[in-house]
Every structure is written in structure tokens, then in C-alpha cells.
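# Observations on chain architecture
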Amino acid sequence: MHFNVSGLLTGSVGDEIRFHFAHETLDNDGLSFREVEARGKLMRTDRTVFAEIKVKAQLDAECSRCLVDTVTHLSLDFVEEFKPLNADLMHRDPGWFDQYESTENDEALTIDSTNVLDISTALWQGLSAAMPMNPLCRPSCQGMCAGCSADLNLSRCACQIAKSSSEFPRIRNLPTIN
């Protein structure tokens, strides 16, 4: 997911590169997003390259309730600015570059010295932030029994059947209060 943005940096403010890619994989730190599809544009501003991207991806996860393997579908609207290391290409005024100092020093948001913009790390970070904290195999997942670890989506477990017949027998015989 590398883009040579030399032409964009030397062009006019508002120039764009539009792109689409699909069936990509983003791996980092043991976390892998697959079937990554992205559509977007890179637009030159007066000082940066502005990226506006719609991303879809899949993540293999474990259901937080029943622990079965599941596929989580992620969707992300990604908007970010990338700072060029060769900012002098963007402006002809020699004093302008000296005034262009940024406090941000995020390598994922930097266009390298060969004018190549790599969006893969920034997209991986965005997708990581969009991951659900508790992925589910389905919204109505019943989970698993705390006593015998049976998958309650498939059947009732033996310990729940035993509990329901003997659980709180004295409460059933209490008189009602009016």
C-alpha cells in the first residue's frame, strides 16, 4: 500500500490521486487483518497530503462468550494528514520550509525522503482501534456454562438442568404477600 506522491507534492493544491485495492492483508504484532479493501483519495494541501479512505476488513477472533472461532467484520472511515520529509518540494519560497515545523513525529504519518507514502501502518492502527472489545459470534450468543463449559448455543448443559429442578426449593413453598 505504497504510493509515489512525487507528482502530487510538486503539483497544485487540490490535486488528487484516487485508488482502490482489495484482498490485501495487514499484519503487525501478531494481529492480522485480512480481506482488506480500501477506496480513497490522497489530496495535496498547502503543507501536507490529506488522505480520506473507506476501509473494510475481516479479523479472525474468538467469541468472548462461547469461545468459538468467529470472523469479525470491520469498517472504518479513515481521515489523516501525512507530512512529507521533502516539504520543500511543495513550496517554492525558500523561507517557508524553515517555518514549517511540526510537533508531531509519527513515522506512520510521514512521507519518506523518496516521496513514497505508505498507508499500511496507519490503516493497521485505525483498524486496531476499531476492533470490538468483546467480539461475538452472533448478537444472541448464549455463551458457555460456568459450571461445565458447555456451549449454551448448542444445548442446555447437564448442570443447568440439575440446578433448575433443585434450585431454591424453599422459595417455591413460601406464602405470597398481599
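Note: the structure precedes this text.
Residues numbered from 1 in each chain as written. Predicted model: local features only at pLDDT ≥ 70, side-chain atom pairs only at ≥ 80, totals over all residues. Heavy atoms only, no water.

This part is about the overall build of the chain. Scanning the chain from N- to C-terminus turns up five helices and seven strands. Secondary structure elements in the chain, listed N-terminal to C-terminal, are β-α-β-β-β-β-α-β-β-α-α-α. In the chain, which comprises 178 residues, the share counted as buried stands at 33%. Partitioning the intrachain contacts of the chain with sequence separation of at least 6 by distance along the chain shows that 57% fall at a separation of at least 24. Surface exposure of the chain reaches about 11,400 Å², of which carbon and sulfur atoms provide 49%. (Helix = DSSP H or I, 4+ residues; strand = E, 2+ residues; numbered from the N terminus. Buried < 20%, exposed > 50% of the residue type's maximum accessible area, 1.4 Å probe, protein only. Contact = heavy atoms within 4.5 Å. Areas by Shrake-Rupley, 256 points an atom, 1.4 Å probe, with all protein chains shown as cover.)

Right, let's talk about unusual backbone geometry for a bit. Here Glu35, not a glycine, exhibits a phi torsion of approximately 50 degrees, which is positive. Here Glu35 shows up in strand β3 (residues 31–44). Located in the positive-phi region is Leu67, a residue other than glycine, with phi close to 65 degrees. Mapped onto the fold, Leu67 is located in the loop between β4 (49–62) and β5 (69–84).

With that settled, the discussion passes to the sheet that holds strand β6 (residues 110–111). Pairing in this open sheet of five strands is mixed, and the strands run β2-β3-β4-β5-β6 from one edge to the other. Every interior strand has two partners, whereas the edge strands, β2 (16–28) and β6, have only one. By the bridge criterion, ten bridges tie β3 to β4 in an arrangement that is antiparallel. Within β4, the residue paired with Phe33 across the bridge is Leu59. (Pairing = 2+ DSSP bridges.)

Pairing analysis gives 14 bridges linking β4 to β5, with the strands arranged antiparallel. Bridge pairing links Gln58 to His73 in β5. Sheet analysis places β5 next to β6, joined by two bridges and oriented parallel. For Lys83, the partnering residue across the bridge sits in β6 and is Thr110.

Right, let's talk about the side chain of Asn153 for a bit. Summarising the element assignment, Asn153 is placed in the loop between α3 (120–130) and α4 (158–166). Of note is the side chain of Asn153, whose polar atom sits 2.8 Å from the backbone nitrogen of Gln142. When neighbours within four sequence positions are excluded, Asn153 is seen to be in contact with Cys66, Cys137, Arg138, Ser140, Cys141, Gln142 and Gly143. (Polar contact = N/O pair within 3.5 Å; in protein donor to acceptor, adjacent residues only side chain to side chain.)

Another aspect to go through is the pattern of salt bridges. Within this structure, the stated rule accounts for four salt bridges. Residue Asp77 pairs with Lys54 through a salt bridge whose shortest N-O separation is 3.2 Å. Taken together, the positions of Asp77 in strand β5 and Lys54 in strand β4 put the pair 23 residues apart, joining distant regions of the chain. Since its relative accessible area comes to 54%, Asp77 is described here as exposed. The exposure class assigned to Lys54 is exposed, which follows from its relative accessible area of 54%. Each of the salt bridges in this network shares a partner with another, and the network as a whole consists of Glu16, Arg18 and Lys41. (Salt bridge = Lys/Arg side-chain N within 4 Å of Asp/Glu carboxyl O.)

Here we come to the environment of Cys157. Its location among the elements puts Cys157 in the loop between α3 and α4. It is 9.0 Å that separates the C-alpha atoms of Cys157 and Met144, two residues lying 13 residues apart in sequence. What Cys157 contacts, discounting residues up to four positions off in sequence, is Cys145, Cys148, Ala150 and Leu152.

Here we come to the environment of Val36. Mapped onto the secondary structure, Val36 falls in strand β3. For Val36, a relative accessible area of 0% translates into the label buried. Separated by 20 residues in the primary sequence, Val36 and Lys56 place their C-alpha atoms 5.7 Å from one another. Sequence-distant contacts of Val36, defined by excluding residues within four places in its chain, comprise Phe21, Ala22, His23, Glu24, Leu26, Val55, Lys56 and Ala57.

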